[in-house]
Amino acid sequence: MDEQAVHRAVARMARELVEQNVGPGNLALLGIQRRGVEIADLIRSEIERAEGTTVPAGSLDITLYRDDLMAIGPRPVVGATVLPEGGVDDRAVVIVDDVLFTGRTVRAALNELTDWGRPARVSLCVLVDRGGREFPIQPNVVGRIITVLPEQSVEVSVPDHDGRWGVDIVPVSSEPEP
Amino acid sequence: MNEPGTPLGKDLVGLESLSAEQILTILNTAEPFKEISERRIKKVPVLRGNTIVNLFFEASTRTRVSFEFAEKRLSADTVNIASSGSSVVKGENLVDTARNLEAMRIDMVVIRHGSSGAAKFLAERIPSNVINAGDGSHEHPTQALLDMLTIRDHFGKIEGLRVCLVGDILHSRVARSNIFGLLALGAEVAVCGPKTLLPLGIAELGVTVFSRIEEAIQWADVLNVLRLQLERMEAGFLPSLREYNQVWGVSRAKIEQAPKDLLVLHPGPMNRGVEIDSDVADGPHAMILQQVTNGVAVRMAVLYLLSGGAPDTAEAAKGGAEV
């Protein structure tokens, strides 16, 4: 997917989120560090453009909730976790990430989120669903479903980290999907 | 997945052996941990199933409680052992105590001990991670780390700042750890105190020596005021507490002469009216309670980073234990 395709997909995802939650009023976006945060920001500006409402947004770093932390050697750098303004209690919280694969990241995010408070409902929004789930987790809103071979991986590029928007299928890198 | 940080190795014995990169890894890791203590549920599962022993052979409230909060907020199981009431009073030596604990399958030991070198001694003999919570007059690394984090919070940097340690440098493990850490991060460091309480040859560490606190205040961005251990007076290092307060005590009148924004730190417990006056300790220059808050975050960072361990050094320590 090139930049234009990503923008189109995100614009549609933003509309679906608003529709599914009957308006943007009670929404709160929670991007998963690091690329989910930028996608959440883009969704936020799309909602603002279409609805004229600024939705509170926050970020979540799931490092401390990973299920494989004891197996991966040197400790990874921990990113910032920022609660959306007004907290998560009684809000329709949307977890936003770049790629949905095994579902383990989302499992960790759900655990962290429930330590934060009690949202009215939680939904999952991802730019790419590549299949290969190891947990019973399904997204509510998807940018694109891509079938990927086991020896391939999906790389999402975002401006802050990679200098551009884009989705590419590449041979498996050394970076495992948590 | 986030990239791996700089490994610290198996133990944290002191800051003398750490690189600037390793120290910055600890400070940067402490930042996200601050937020956990602000949550309603102040707990993350990262050290779930780890057992940590707090082995305190010397009196301590702040450090022990701070470590215990840090451990509990990372979901570790903790046991506190104080020397009084333990088999230490029956004459058991340090290594035997630790090996017996090891036999109960522990993962980390936090040790406070009156003898310099006790933490390193232990670290070389048991496979668990060892964290020095103060050993004699050697080092107190987590205190210096929380001091540096507080300085960085206030000024946004450490490099290029002028930090003066005031008081009893001779007996202070806090002073030594601060000197090593601050110099590694590119700060300028000075010490200021009565001649009897300055170690000989201190300038060789690369620090400036001030003989008058008024000069130090003119020079410094940060004053880190050390606790005057009252037993020093009986040992003949000082003529009287009253005189110490007059000459070396940090008073409001003295810090009002500072030419710039001056930050005042104190590792606690304070002797109000001796090394620091109440109107300074409770005044706008002091961030003493912020230091305590940061202490928990820094200790969480150290526990988290060490739990990633370095299996090879743990193996080496096991080998050492058989000698």
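The rules behind the values
- Residues numbered from 1 in each chain as written.
- Chains lettered and ligands numbered in written order.
- Predicted model: local features only at pLDDT ≥ 70, side-chain atom pairs only at ≥ 80, totals over all residues.
- Helix = DSSP H or I, 4+ residues; strand = E, 2+ residues; numbered from the N terminus.
- Rg over C-alpha atoms; globule rule 2.2 N^0.38 Å.
- Buried ≥ 20, exposed ≤ 12 C-beta atoms within 10 Å, placed from the backbone.
- Contact = placed C-beta atoms within 7 Å.
- Domains from an automatic or database assignment.
- Nonpolar A, V, L, I, M, F, W, Y, C, P; charged D, E, K, R; others polar.
- Pairing = 2+ DSSP bridges.
- Axes fitted to C-alpha atoms, helices over the stretch in contact; angles between N-to-C directions.
- Right-handed = clockwise from strand over helix to strand, strands pointing away.
- Expected span 1.5 Å × (residues − 1).
- Bend = angle between axes of the 7 residues up to and from the residue.
- Left-handed = near helix turned anticlockwise from the far one by under 90°.
- Parallel < 35°, antiparallel > 145°, perpendicular 65-115°, else oblique.

Counting its secondary structure elements, chain B contains 13 helices and 9 strands. Relative to a compact globule of 323 residues, whose C-alpha radius of gyration would be 20 Å, chain B shows 20 Å and is just as compact. Seen through its principal axes, chain B has C-alpha atoms that stretch 55 × 50 × 40 Å. Going through the 323 residues of chain B one by one, you find that 46% of them count as buried.

A word on the overall build of chain A. Looking only at helices and strands, chain A features 4 helices and 7 strands. When the helices and strands of chain A are read in sequence order from the N terminus, they spell out α-β-α-β-β-α-β-β-β-α-β. Relative to the 2.2 N^0.38 estimate, which gives 16 Å for 178 residues, the radius of gyration of chain A is 16 Å and therefore close to what a compact globule would have. The principal-axis extent of the C-alpha atoms belonging to chain A is close to 40 × 35 × 30 Å. A buried classification covers 43% of the 178 residues belonging to chain A. Summarising the internal contacts of chain A: among those between residues at least 6 apart in sequence, 69% fall at separations of at least 24.

Right, let's talk about the domain arrangement of chain B for a bit. Residues and elements named next belong to chain B. Considered domain by domain, chain B is made up of domain 1 (20-140 + 295-319) and domain 2 (141-290). Look at where the C-alpha atoms of domain 1 and domain 2 centre, and you get two points 26 Å apart. Listed as interface residues are 19 residues of domain 1 and, on the opposing side, 19 residues of domain 2. Put simply, the parts of the chain that give the side of domain 1 that touches domain 2 at least two residues each are α1 (20-36), β4 (129-135) and α12 (288-307).

On to the interface of chain B and chain A, then. By a widespread convention, an interface's size corresponds to the accessible area lost as its parts come together. With 17 residues of chain B in contact, the opposing surface of chain A contributes 19 residues. Counting residues per element, the side of chain B that touches chain A draws most heavily on α1 of chain B, at 3 residues. Along the lines of polarity and charge, the residues of the side of chain B that touches chain A split into 10 nonpolar, 4 polar and 3 charged.

A separate point is the sheet that holds strand β1 (residues 27-32) of chain A. All names here are of chain A. On the basis of which strands lie adjacent, the open sheet formed by 5 strands has the order β2-β1-β3-β4-β5 and parallel pairing. Where the open sheet ends on each side, the last strands, each with one partner, are β2 (57-60) and β5 (141-145). Ignoring strand direction, the axes of neighbouring strands in this sheet form an average angle of 25°. Relative to strand β3 (residues 92-100), β1 runs parallel, the two sharing 5 bridges. Counterpart to A28 in the pairing with β3 is V93. Where helix α3 (residues 104-116) meets the sheet, its contacts fall on β1, β2, β3 and β4 (121-129), and the angle it forms with β3 comes to roughly 155°.

Attention shifts here to the pairing of strand β5 (residues 162-166) of chain B. Residues and elements named next belong to chain B. When you tally the buried positions in β5, you get 4 out of 5 residues, the bulk of the element. Pairing of β5 with strand β6 (residues 188-192), which is carried by 5 bridges, proceeds in the parallel orientation. From the neighbouring strand, L165 faces β6, where its bridge partner is V191. Of the crossover connections in this fold, the one passing from β5 over helix α6 (residues 173-184) to the parallel β6 is right-handed.

Our focus in this paragraph is α1 of chain B. Think of an α-helix as 3.6 residues a turn; residues three or four steps apart then line up on the same face. All names here are of chain B. A rise of 1.5 Å per residue sets the reference length of α1, with its 17 residues, at 24 Å; its end C-alpha atoms lie 26 Å apart and thus fit the reference within 8%. Most pronounced at A30, the bend in α1 amounts to some 25°, and the proline P32 follows within four residues. Buried residues of α1: I23, T25, I26, L27, T29, A30, P32, F33 and I36, and no others. On its buried face, α1 is in contact with α2 (62-73), α5 (141-155), α6 and α12.

The next subject is the packing of α5 of chain B against α12 of chain B. The axes of two packed helices give the description: the angle between them and the distance between them. All names here are of chain B. The N-to-C vectors of α5 and α12 enclose an angle of 120°; their axes lie 8 Å apart at closest approach. Between α5 and α12 lies a crossing whose hand is right-handed. Taking contact as the criterion, the partners of T142, L145, L146, D147, L149, T150 and D153 in α5 are, on α12, Q290, Q291, N294, G295, V298, R299 and V302. Residue composition of the contact of α5 with α12, grouped by class: 5 nonpolar, 6 polar and 3 charged.

What follows covers the environment of D162 of chain A. Looking at where D162 of chain A falls in the secondary structure, it is placed in helix α4 (residues 159-162). A sequence separation of 110 residues divides D162 of chain A from G52 of chain A, and the C-alpha atoms of the two residues are 29 Å apart.

Moving on to the environment of A80 of chain A. Checked against the element boundaries, A80 of chain A lands in the loop between β2 and β3. A80 of chain A has contacts with S59 and D61 of chain A together with P32 of chain B, leaving out every residue within four places of it along the chain.

This part covers helix α2 (residues 35-51) of chain A. The end-to-end C-alpha distance of α2 of chain A, which contains 17 residues, comes to 24 Å, matching closely the 24 Å that a straight helix rising 1.5 Å per residue would cover. With its phi angle positive at about 75°, G52 of chain A sits one or two positions after the end of α2 of chain A.

All right, on to the sheet that holds strand β3 (residues 108-113) of chain B then. Residue and element names in this part refer to chain B. The parallel open sheet is built from 4 strands, whose spatial order is β2-β1-β3-β4. The strands lining the two open edges of the sheet, one partner per strand, are β2 (77-82) and β4. The mean inter-strand angle of the sheet, taken between neighbouring strand axes irrespective of direction, is 15°. Strand direction decides the pairing type here: strand β1 (residues 51-56) and β2, joined by 6 bridges, are parallel. Along β2, the bridge assignment pairs F56 with A82.

Next up on the list: the packing of α1 of chain B against α5 of chain B. All names here are of chain B. In contact at an axis separation of 10 Å, α1 and α5 are set at 65° when each is read in the N-to-C sense. One element, α1, and the other, α5, form an angle in the roughly perpendicular class. For the pair α1 and α5, the crossing hand works out as right-handed. Each of I26, L27 and A30 in α1 lies in contact with α5, whose residues at this interface are L145, M148, L149 and R152. Here the contact of α1 with α5 is composed, by residue class, of 6 nonpolar, no polar and 1 charged.

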